Amino acid sequence: MKAGNSNTLVVVGCQWGDEGKGKVVDFLARDFDIVVRYNGGNNAGHTVVIGDEKYKFHLLPSGSIQGKRIVIGNGMAVDPKVLIGEIETLKAKGIDPKLYVSDRAHVIMPYHRLLDLSGEKKSESKLGTTQRGIGPTYAGKVNRIQALRMADLVNGEMREKIRSIVRSKAAELVESGIIKSKQGAEDYAGEMIKEYSEYADKLRPYITDTVYMLNGEIGKGSKVLFEGAQGTMLDVDHGTYPYVTSSNSVAGGVCTGAGIGPGRIGKILGVAKAYTTRVGEGPFPSEINDKKGDMIREKGKEYGTTTGRPRRCGWLDLVVLRHAGMINGLDGIVLSKLDVLSGIGKIKVCTSYRIDGKVVRNFPAYIKEVEKAEPVYEELDGWPEFKGTRKEDLPENARKYMDFIERETGVPVTMVSVGESREQMIVINQ
Ligand code: GDP
Ligand code: IMO
Ligand code: MG
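Residues numbered from 1 in each chain as written. Chains lettered and ligands numbered in written order. Predicted model: local features only at pLDDT ≥ 70, side-chain atom pairs only at ≥ 80, totals over all residues. Heavy atoms only, no water.

Peer 1: Could you give an account of the coordination of the magnesium ion (ligand 3), with specific residues and numbers?
Peer 2: Here the magnesium ion (ligand 3) is held by Asp18 (OD) and Gly45 (O), and the distances to it run 2.0 to 2.2 Å. Here Asp18 is found in the loop between strand E1 (8-13) and helix H1 (21-29), whereas its partner Gly45 is found in the loop between strand E2 (34-37) and strand E3 (46-50), with 27 residues between them in sequence. (Donors = N, O, S within 2.8 Å, 3.2 Å for Na, K, Ca; no water. Helix = DSSP H or I, 4+ residues; strand = E, 2+ residues; numbered from the N terminus.)

As structure tokens, this is what we get:
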């Protein structure tokens with residue numbers, strides 16, 4: 001029997017992000033008391049559509065609209081300016097977020113953003129990052145001596161800490177053109193202290209020890225939903241390294257990124273698009289480079305929520321989905337954007353790769369092998385456009401598509417999303 005707490009649920013992305021996690025979390029949040037983000041920062045872009053209103057979240061959990069308590073976990077990298085902006089946007093829409101920000105979360109500084117940018121310019125193999133300072137902030141966290149946490153922001157040592165970090169980074173800042181000379185370091189630190197003191201004043205009421213708060217709530221029987229950002233293939237350990245983000249986006253990230261013991265984790269749901277998309281650089285074996293790819297991009301409005309970049313589109317990749325099923329220990333798959341495939345004719349599904357003439361079913365660790373991987377496809381019949389949100393409304397071939405995914409991954413499809421609005425969701429079983 002599976003251990004774990006039936007009051008907690010994790011929602012993760014199965015592919016390279018943008019699977020529709022925001023919509024799924026908003027839909028499920030109704031039945032939870034608290035919604036928690038545990039990894040990443042404002043590299044994420046989660047869209048929730050309710051009626052005519054479109055909400056775009058980068059840092060705040062997508063449970064915000066349901067009026068639930070929301071948590072920015074310790075595993076996150078937080079840009080205070082963006083966070084304050086999101087709080088204000090929500091307030092302007094009449095929602096006062098019940099927000100708790102971890103005092104252990106790391107703070108993104110202006111030089112992190114600039115180093116992200118200059119790192120990409122200098123590098124021979126561009127990653128295509130979101131340029132939000134994510135990589136440099138997590139690098140600073142692991143490096144330990146040049147990092148600032150939320151707790152530092154609100155205690156009396158923030159000034160001295162910023163001065164000391166800038167002094168120790170002065171050579172790097174000069175080399176990257178962020179400051180002109182080492183003498184400019186003091187002025188640069190002074191400007192940041194002024195800016196960040198204002199942020200600290202605004203955020204102070206929200207900053208708290210969320211690890212004790214969450215464990216206390218779970219102990220009392222509160223229902224807690226964890227919202228992953230990015231996707232399994234962007235996880236720093238289990239994705240297409242080095243073309244990944246800098247945090248653990250998989251379900252295991254909840255343990256470290258929110259401070260929750262593994263035994264307290266209940267069900268785990270993976271959101272998978274009915275096809276595949278990827279933003280930024282890196283190998284993508286089932287990428288479609290013809291008109292059908294363009295058709296899917298336009299019909300699925302596949303343009304980034306964070307950067308507006310066109311998303312690369314491809315067929316569903318079951319090597320990826322099996323990998324996600326294993327790494328996350330998935331209990332169920334939420335198949336999203338099924339409507340986008342309606343009426344496009346025959347549908348291909350990648351079931352394995354051919355690498356140097358060999359058929360491979362497991363996702364390779366070595367990036368050069370992934371780059372060489374040729375998709376082995378199975379072709380399935382498509383289905384016409386359809387309306388309705390009951391199980392019975394699904395066309396027969398759409399059901400066959402779901403059955404095929406279940407058989408190949410060994411994970412049941414428990415929900416199907418058939419449109420961007422909250423109501424356009426078919427619950428198969430929960
Ligand atoms: P996330 O990062 O995983 O939360 O996903 P994004 O919000 O970045 O991208 C998903 C996009 O697809 C958003 O614009 C959603 O509004 C939209 N979307 C979500 N589910 C569906 C669906 O089932 N059908 C369609 N057509 N759009 C959807
Ligand atoms: P959500 O939560 C899609 C990608 C970037 C780049 C790589 C590294 O909306 O699914 P980073 O800025 O994190 O250092 O960039 O990761 N990336 C995402 N792609 N959805 C996301 O988030 C992403 N967050 C990062 O495009 O390839
Ligand atoms: Mg997104």
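From this point, the discussion proceeds with the structure in view.
Peer 1: Outline the pairing of strand E4 (residues 53-57), listing residues and values.
Peer 2: Direction of pairing for E3 relative to E4: antiparallel, over a ladder of five bridges. Among the inter-strand pairings, Val49 is bridged to a residue of E4, identified as Lys54. (Pairing = 2+ DSSP bridges.)

Peer 1: I'd like a description of the state of the cysteines, backed by residues and values.
Peer 2: Scanning all chains against the criterion turns up zero disulfides. Here Cys14 is not cross-linked by a disulfide; its sulfur's nearest cysteine counterpart is in Cys350, at 15 Å. The exposure class assigned to Cys14 is buried, which follows from its relative accessible area of 0%. The thiol of Cys313 is not disulfide-bonded; the next cysteine sulfur, from Cys350, is found 16 Å away. By relative accessible area, which is 1% here, Cys313 ends up buried. (Disulfide = S-S within 2.5 Å. Buried < 20%, exposed > 50% of the residue type's maximum accessible area, 1.4 Å probe, protein only.)

Peer 1: An account of the pattern of salt bridges is requested, with residue identities and associated values reported.
Peer 2: Considering all chains together, one arrives at 30 salt bridges under this definition. With its nearest N and O atoms 2.9 Å apart, the salt bridge here joins Asp393 to Arg390. Via salt bridges that share partners, Asp18, Lys273, Glu302, Arg311 and Lys337 belong to a single interconnected network. (Salt bridge = Lys/Arg side-chain N within 4 Å of Asp/Glu carboxyl O.)

Peer 1: Mind laying out the site of ligand 1, listing which residues take part and the relevant values?
Peer 2: The full set close to ligand 1 counts 19 residues, and Lys21, Gly45, Thr47, Asp339 and Ser417 are the nearest of them. With respect to ligand 1, the side chain of Asp18 contributes an N or O atom lying 3.0 Å from an oxygen atom. Between Lys21 and ligand 1, the recorded distance is 2.8 Å, taken from a backbone N or O atom to an oxygen atom. Relative to its unbound accessible surface of 580 Å², ligand 1 loses 93% to contact with the protein. Taken together, the elements giving at least two residues each to the shell around ligand 1 come down to H1, E3 and helix H12 (338-341). Of the residues that constitute the shell around ligand 1, the class distribution is three nonpolar, eight polar and eight charged. (Near = heavy atom within 4 Å. Polar contact = N/O pair within 3.5 Å; in protein donor to acceptor, adjacent residues only side chain to side chain. Areas by Shrake-Rupley, 256 points an atom, 1.4 Å probe, with all protein chains shown as cover. Nonpolar A, V, L, I, M, F, W, Y, C, P; charged D, E, K, R; others polar.)

Peer 1: Lay out the nonpolar core in plain terms, naming residues and giving numbers.
Peer 2: Leu83 and Ile162 are the most contacted members of the largest nonpolar core, which totals 59 residues. Counting residues per element, this core draws most heavily on helix H7 (residues 185-203), which supplies nine residues. Both domain 1 (8-97 + 209-427) and domain 2 (106-205) contribute no fewer than three residues apiece to this core. The contact partners of Leu83, leaving out residues within four places of it in the chain, are Leu59, Leu60, Ile72, Val78, Leu99, Val101 and Leu203. (Core = buried A, V, L, I, M, F, W, Y, C linked by side-chain atoms within 4.5 Å. Domains from an automatic or database assignment. Contact = heavy atoms within 4.5 Å.)

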